[in-house]
Amino acid sequence: MFSDKDISRFTNLETPFYYYDLTLLQNTLKKCASAANVYNFHVHYAMKANFNPTVVAKIKSVGFGADCVSGGEVKQAVELGFDAGKIVFAGVGKSDKEINFALDQDIFCFNVESIQELEVINELALVKGKKAKVAIRINPNVDAHTHHNITTGLDENKFGINSWDLPACAEVLKKSAQLEFVGIHFHIGSQITNLDVYKSLCTRVNEFANWFEERGFTVKVLNVGGGLGIDYHNPDQQIPDFEAYFKIFNDFLEIKPNQEVHFELGRALVGQSSSLITKVLYIKNGKKKNFVILDAGMTELMRPALYQAYHKIENISRVEASSVVKYDIVGPICESTDCFGKEVELPETFRGDLIALRSTGAYGEVMASNYNLRNEVRAVFTED
Ligand code: LLP
C-alpha cells in the first residue's frame, strides 16, 4: 500500500530500487520484542536476511543480538555495534580465518555443525589461549513443510550434527579443554507458515536437551533458530503473529530454571518492510503471451528464479483499471528463468508505469548480483 506522496516521489527517482518502510520495520520490531519479552526469550536477528546498514541499525536499536553465518557477517555485526556477547555464528563451512576472527571478537557462541569443526575450534582457541563457547547444532530430522530448497532440518540436509553422531560429539566436548558447552541449536528451515511444525521441533529439542543433561552437560541455551514465515500473498497484512509463535515455544518446550531460549529470526522481522520498485521498459503483446519487461530482473531479486518464489506484483501507477490483462512479468536478463510471474493479472500496463514487487525485505537486496554487469541495486528509505 503506497500513498500518493510515495508514488509521486518514486516517479522522480531512478529505478530500480529497494524501498524500505522504516516505520513499518520499527513497528514490526517493537511487536516482536514485546512478544518475546513476555517470556524473557532472546532474539538474534539473522543478518543473512538483510544486512543493509540502515536496516540493521534499526534492529540493533531494539536490543536484539545477531545471528551470523560468515566471518563477513560477524564483522558487519561488530562494526554496526552489536554487543559481541550477543553474536552467534553458525554455518557448515567456517574457515579457520573466520573462526579466528570470531574468537578475537569473543562472540557469544559458535553454533557448531560437525565433530571436525569442534576439534578445529578447540585447536584454534588453544593457540590463542582462549575458551570458545559452543552450542551443538543438531539436525533433528523434522520436516518444516516449506519449499524443498529452504528446508534444513532433515537427514538429507547438510546442516547440523546428526543424532547418531551425538555420542562421539559428547566425547569430543568432554576432552576439549578450550571448549565451553553452552547448549543446543536447531534451525529446520525458512518460510514456515504451519506453526504445528514448531511443536514437533519442541518435542525434539526436549529430547536432545535431556540427552545432554543425562550425560552430565548443563544445557543453558536452547536455540531454536528462525524460520517464521510471512504472508507473501497479502503484503499489506504486515506484521507476523509473533505472540502465537512465541507462545508455542513457551507451551511446548520444557524450559528448566536458568535455561535461556534463543531465536534467530530473519524474514519475519524485515520481509514486509520493503518492495522492489521498478519501471516498465517495454510491453510485448504476442499471440500466446503478453510480456511486461521491467528494468529489474533476477539480478535484483533472485528468489523467483531460484525458488519459484511468489512476490505480489502491483502496477502502482494505475490503481483504477480500465481493463485487466494477463502478463508474464519478466526482467531484462539473458536467462529464461528471469521471470517474476506468469499470467499475472494487471491493469492494462504501459511503458513507464511503476511496478512494485512486494515483500522483498528479506533475501532480496542481499542476494542481488551484478551478473550481466548490472549496476548495484539502490536502497531508498522512508523520509521522516
Ligand atoms: N538461523 C539459521 C541457522 C539459518 O540458516 C537461517 C536462514 C535463519 C536462522 C533465519 O531464517 P528465517 O527466519 O529468515 O527464515 N534465501 C532463502 C532463505 C534462506 C534461509 C537460510 N537460512 C529465501 O529467499 O527464501
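Residues numbered from 1 in each chain as written. Predicted model: local features only at pLDDT ≥ 70, side-chain atom pairs only at ≥ 80, totals over all residues. Heavy atoms only, no water.

The next thing to look at is the overall build of the protein. Helix and strand counts for the protein come out as 11 helices and 17 strands. For a compact globule of 384 residues, the expected C-alpha radius of gyration is about 21 Å, and the protein comes in at 22 Å, within 12% of that figure. Seen through its C-alpha atoms, the protein measures out along the principal axes to roughly 70 × 40 × 40 Å. Each of the 384 residues in the protein was classed as buried or not, and the buried ones make up 55%. (Helix = DSSP H or I, 4+ residues; strand = E, 2+ residues; numbered from the N terminus. Rg over C-alpha atoms; globule rule 2.2 N^0.38 Å. Buried < 20%, exposed > 50% of the residue type's maximum accessible area, 1.4 Å probe, protein only.)

A few words now on the pattern of salt bridges. According to the stated counting rule, one finds 18 salt bridges in the structure shown. Notably, a salt bridge pairs Asp 196 with Lys 199, separated by 3.1 Å at the nearest N-O pair. Of this pair, Asp 196 and Lys 199 both sit in helix H8 (residues 196-214), 3 residues apart, which is roughly one turn of the helix. The exposure class of Asp 196 is partly exposed, given its relative accessible area of 44%. Owing to a relative accessible area of 31%, Lys 199 belongs among the partly exposed residues under this scheme. Between Lys 220 and Glu 260 there is a salt bridge, with its nearest N and O atoms 3.8 Å apart. Residue Lys 220 is found in the loop between H8 and strand E9 (221-223), and its partner Glu 260 is found in strand E10 (residues 260-265); the two are separated by 40 residues along the sequence. Using a relative accessible area of 37% as the deciding quantity, one classes Lys 220 as partly exposed. (Salt bridge = Lys/Arg side-chain N within 4 Å of Asp/Glu carboxyl O.)

So, on to the site of the ligand. Near the ligand there are 18 residues, and of these Ser 190, Glu 264, Arg 267, Arg 303 and Tyr 363 occur at the shortest range. A distance of 2.6 Å separates an oxygen atom of the ligand from a polar atom in the side chain of Arg 303. Tyr 363 has a polar side-chain atom sitting 2.6 Å from an oxygen atom of the ligand. Protein contact buries 92% of the 580 Å² of open area that the ligand shows by itself. Where the shell around the ligand is concerned, the elements lending two or more residues are E10 and helix H11 (303-307). Residues that form the shell around the ligand fall into these classes: 6 nonpolar, 6 polar and 6 charged. (Near = heavy atom within 4 Å. Polar contact = N/O pair within 3.5 Å; in protein donor to acceptor, adjacent residues only side chain to side chain. Areas by Shrake-Rupley, 256 points an atom, 1.4 Å probe, with all protein chains shown as cover. Nonpolar A, V, L, I, M, F, W, Y, C, P; charged D, E, K, R; others polar.)

Attention now goes to the side chain of Arg 303. Here Arg 303 shows up in helix H11. Although Arg 303 is buried, it forms no salt bridge, and the closest oppositely charged side chain is Asp 231 at an N-O distance of 12 Å. Apart from residues no more than four positions distant in its own chain, Arg 303 is found in contact with Tyr 232, Arg 267, Gln 308, Ala 309, His 311, Ala 362 and Tyr 363. (Lys, Arg positive; Asp, Glu negative; His and termini not counted. Contact = heavy atoms within 4.5 Å.)

This part is about helix H4 (residues 71-79). Those residues of H4 that fall on the buried side of the exposure criterion are Gly 71, Glu 73, Val 74 and Ala 77. Take H4 and look down its axis: the buried residues cluster within an arc of 160°, on one side only. (Arc of directions from axis to C-beta.)

The next thing to look at is H8. Over its 19 residues, H8 runs 28 Å from end to end, which matches the ideal 27 Å to within 8%, given 1.5 Å per residue. Listed as buried for H8 are Val 197, Tyr 198, Leu 201, Cys 202, Val 205, Asn 206, Phe 208, Ala 209, Trp 211 and Phe 212. The inward-facing, buried residues of H8 abut strand E6 (132-139), helix H7 (166-175), strand E8 (179-185), E9 and helix H9 (242-252). Gly 216 occupies a position one or two residues after H8 and carries a positive phi of about 90°. (Expected span 1.5 Å × (residues − 1).)

All right, on to the environment of Ile 107 then. Looking at the secondary structure, you find Ile 107 in the loop between helix H5 (96-105) and strand E5 (109-112). Distance in space between the C-alpha atoms of Ile 107 and Leu 25 is 26 Å, their sequence separation being 82 residues. Excluding its chain neighbours within four sequence positions, the residues that come into contact with Ile 107 are Val 74, Ala 84, Ile 87, Phe 89 and Ala 102.

Cis geometry marks the peptide bond from Thr 15 to Pro 16; its omega dihedral reads -5°. With respect to the element layout, Pro 16 can be found in the loop between helix H1 (4-11) and strand E1 (17-20). At Asn 258, a position not held by glycine, the phi torsion is positive, near 70°. Using a relative accessible area of 70% as the deciding quantity, one classes Asn 258 as exposed. Notably, Glu 343 is not glycine yet its phi reads approximately 55°, a positive angle. Mapped onto the secondary structure, Glu 343 falls in strand E15 (residues 339-347). For Glu 343, a relative accessible area of 41% corresponds to the partly exposed category.

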